Amino acid sequence: MHIDRRAFLKYCLGSAAALGFPLSVVSRLEEAYAAGGTGLPQVVWLNGANCTGCTVSLANLISAQKPTDIADLLLNTIDLAFHPNLMGAAGDLAVQSLQTATQGDFVLVVDGGIPMAFDGHTCIVWSENGREITAKEAVLDLAAQSMATVCVGTCASFGGIPAGNPNPTQIVSVGQLTGQRTINIPGCPPHPDWIVWTIATLLAGVNPSLDERNRPVQLFTEETIHKRCPRKESGETKLFGQSRCLKALGCKGPRTSADCGQRKWNNGTNWCIGANAVCLGCTEYGFPDAFSPFYKVEYSYQNYSKPTPEPPGAEPTPSPTPAVGLRISKAEYNRERRELRVEGVGPAGAIVKILDDGTRVLLGAVSVDREGKWRSITRDPRPVPTRARAECNGRATTAVVIRK
Ligand code: SF4
Ligand code: SF4
């Protein structure tokens, strides 16, 4: 099915309320629609170090309604001159189309972080006369010429998962690389509506207002996930699978701004908390390291007893194993590897939480194996604890951390 630029504009106008376009954008899109969709800038989309999840998220956008073919839509409607995953052309032809597009007005879209190690050679975006062009070089060059640079996803916006500790390829965000103000659409991945909203707004010649992290205020920062969460008044649960507030299990909704709960994902089907998973804070600066551990262990299944009575004749529920014999046999910090290793023994099957004994910050949680042994490895704990603490079934033990 061929979808032209006019069809895309029609789609944007038809979906204006759902997407939440400001009136100024709607009227500009209407003008462009009346003019046959001509005269809008082209879009050049580059991939940095990424998992392609942002493109997959976008490709998921219009599957349930017309226009249905996202590749056709992008190539023929928003004048997507270059996209490594979605465009039909390949090799020199693809590079040529990029070079032609960048002669005129264009919006640069980047997804993925930018590796700096090895002078950027861990991420090659194309070759030109036998010379490898790195994401670092391409983004620096094109961002300087573009009308606007849009970062799609948390990696391009803030570094994201590829920049997480230990970051061996020294990933930085596009803003850090260029020193310029980017328009950030974070999310791991971002919602397809957020991407379309932002690109359509820019194509309409309107600059969205941005917050201190350069995210469009209208999409991200009007309210936190928590403030609008339908589970807010439901009381906290310590067990997954219950339709109650997940704060005690590690939900980062109170620290996260996005409209996931209202917009929902997969064409309005559901969202993380609706599916009984915690919000991980994927739209926020510092994700994932500053939001780890994602889950809090507050409850051991050693203590689980079925809420309904056993049917007659069933085996009696075994009584929980008491937390006897919890001991730390080793607590060592390896300076070279920046690794804290704590191990010991405990009741088989129980969960052991490892904490910094001074700050009581949770460093990890492991289950005790059948032989009664457990081991936890924490990479780059900050600060390195002086004493490690192990807790299990209401009991605790501590040990001095030996530095090697
Ligand atoms: S589930 Fe998360 S976002 Fe919802 S009320 Fe609880 S803490 Fe807030
Ligand atoms: S609910 Fe939280 S983790 Fe899930 S997509 Fe939204 S911001 Fe990301």
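Residues numbered from 1 in each chain as written. Chains lettered and ligands numbered in written order. Predicted model: local features only at pLDDT ≥ 70, side-chain atom pairs only at ≥ 80, totals over all residues.

Caption draft 1: Focus on the overall build of the protein. Counting its secondary structure elements, the protein contains 12 helices and 17 strands. In the protein, the share of contacts with a sequence separation of at least 24, taken over all contacts with a separation of at least 6, comes to 66%. (Helix = DSSP H or I, 4+ residues; strand = E, 2+ residues; numbered from the N terminus. Contact = placed C-beta atoms within 7 Å.)

Caption draft 2: Quick peek at the nonpolar core. In this structure, V44, V139 and V150 are the most contacted members of the largest nonpolar core, which totals 63 residues. At 8 residues, helix α10 (residues 192–203) tops the list of elements feeding residues into this core. Residue-level mapping places this core at the junction of two domains, with at least three residues from each of domain 1 (5–218) and domain 2 (223–296). Listed in part, the 19 residues of the second largest apolar core include I328, Y333, A350 and I354. (Core = buried A, V, L, I, M, F, W, Y, C linked by C-beta atoms within 7 Å. Buried ≥ 20, exposed ≤ 12 C-beta atoms within 10 Å, placed from the backbone. Domains from an automatic or database assignment.)

Caption draft 3: Spatial organisation of the site of ligand 2. The immediate surroundings of ligand 2 are formed by G187, I225, T256, A258, C260, W271, C272, C279, L280, C282 and T283. Looking at the shell around ligand 2 residue by residue, the class counts come to 8 nonpolar, 3 polar and no charged. (Near = placed C-beta within 6 Å. Nonpolar A, V, L, I, M, F, W, Y, C, P; charged D, E, K, R; others polar.)

Caption draft 4: Local environment of the sheet that holds strand β1 (residues 42–47). One open sheet holds the 5 strands; their spatial order is β2-β1-β3-β7-β9, and the pairing between them is parallel. The strands lining the two open edges of the sheet, one partner per strand, are β2 (80–82) and β9 (183–185). Strand-to-strand twist of the sheet, defined as the mean angle between neighbouring strand axes without regard to direction, takes the value 25 degrees. Strand contacts of helix α6 (residues 91–101): β1, β2 and β3 (106–111), with the helix running at about 125 degrees to β2, the strand carrying the most contacts. α10 rests against β1, β3, β7 (148–152) and β9 of the sheet, and its axis sits at about 175 degrees to β7. (Pairing = 2+ DSSP bridges. Axes fitted to C-alpha atoms, helices over the stretch in contact; angles between N-to-C directions.)

Caption draft 5: Expanded view of the environment of P166. Here P166 lies in the loop between α8 (154–158) and β8 (171–172). For the pair P166 and R379, spaced 213 residues apart in the sequence, the C-alpha separation amounts to 8.4 Å. Sequence-distant contacts of P166, that is, excluding residues within four places in its chain, are made with R379 and D380.

Caption draft 6: Up close: the environment of L80. Relative to the elements of secondary structure, L80 occurs in strand β2. Given 21 C-beta atoms within a 10 Å radius, L80 is considered buried. For the pair L80 and S97, spaced 17 residues apart in the sequence, the C-alpha separation amounts to 9.9 Å.

Caption draft 7: Here's a closer look at unusual backbone geometry. The omega torsion of the bond from S292 to P293 falls at -5 degrees, within 30 degrees of zero and hence cis. When you line up the elements, P293 lands in the loop between α12 (260–263) and β10 (327–334). At K264, a position not held by glycine, the phi torsion is positive, near 60 degrees. Position of K264 among the secondary structure elements: in the loop between α12 and β10. Residues other than glycine seldom take positive phi values, yet R360 does so here, at roughly 65 degrees. On the secondary structure map, R360 appears in the loop between β12 (351–356) and β13 (362–367).

Caption draft 8: Spatial organisation of the pairing of β12. Buried residues dominate β12, accounting for 5 of its 6 residues. Direction of pairing for β12 relative to β13: antiparallel, over a ladder of 5 bridges. Looking at β13, one finds that L355 is bridged to L362. The loop that links β12 with its antiparallel partner β13 comprises 5 residues; one of these, R360, has a positive phi angle of about 65 degrees. When β12 meets strand β15 (residues 387–392), the two strands line up antiparallel, connected through 4 bridges. For K353, the partnering residue across the bridge sits in β15 and is E391.

Caption draft 9: Fine view of α10. Under the 1.5 Å per step criterion, the end-to-end length of α10 is 16 Å for 12 residues, consistent within 8% with the ideal 16 Å. Judged by how many residues are buried, α10 sits mostly within the fold: 12 of 12 residues are covered. Taken together, the buried positions of α10 are P192, D193, W194, I195, V196, W197, T198, I199, A200, T201, L202 and L203. Immediately downstream of α10, the backbone of G205 shows phi near 85 degrees, a positive value. (Expected span 1.5 Å × (residues − 1).)

Caption draft 10: Main features of the environment of N85. One can find N85 in the loop between β2 and α6. Put simply, N85 and T52 are 33 residues apart on the chain and 8.3 Å apart in space, counted from C-alpha to C-alpha. For N85, the contacting residues outside a window of four places in its chain are T52 and T55.

Caption draft 11: Structural view of the sheet that holds β13. Taking strand neighbours across the sheet as the criterion, the 4 strands line up as β13-β12-β15-β16 in an open arrangement whose pairing is antiparallel. Strands with a single pairing partner mark the edges of an open sheet, and in this sheet they are β13 and β16 (395–400). Direction aside, neighbouring strands of the sheet carry axes that sit 20 degrees apart on average. Here β15 runs beside β16; their pairing, made up of 6 bridges, is antiparallel. Residue pairing across strands places A390 opposite T397, the latter belonging to β16.

Caption draft 12: Just the confidence of the model for the protein, in detail. Residues at a pLDDT of 70 or more form 79% of the protein, whose mean pLDDT is 83. Per-residue pLDDT stays below 50 along residues 63–69; that stretch engages in 12 contacts with residues further than four places along the chain or on separate chains. (pLDDT = per-residue confidence, 0-100.)

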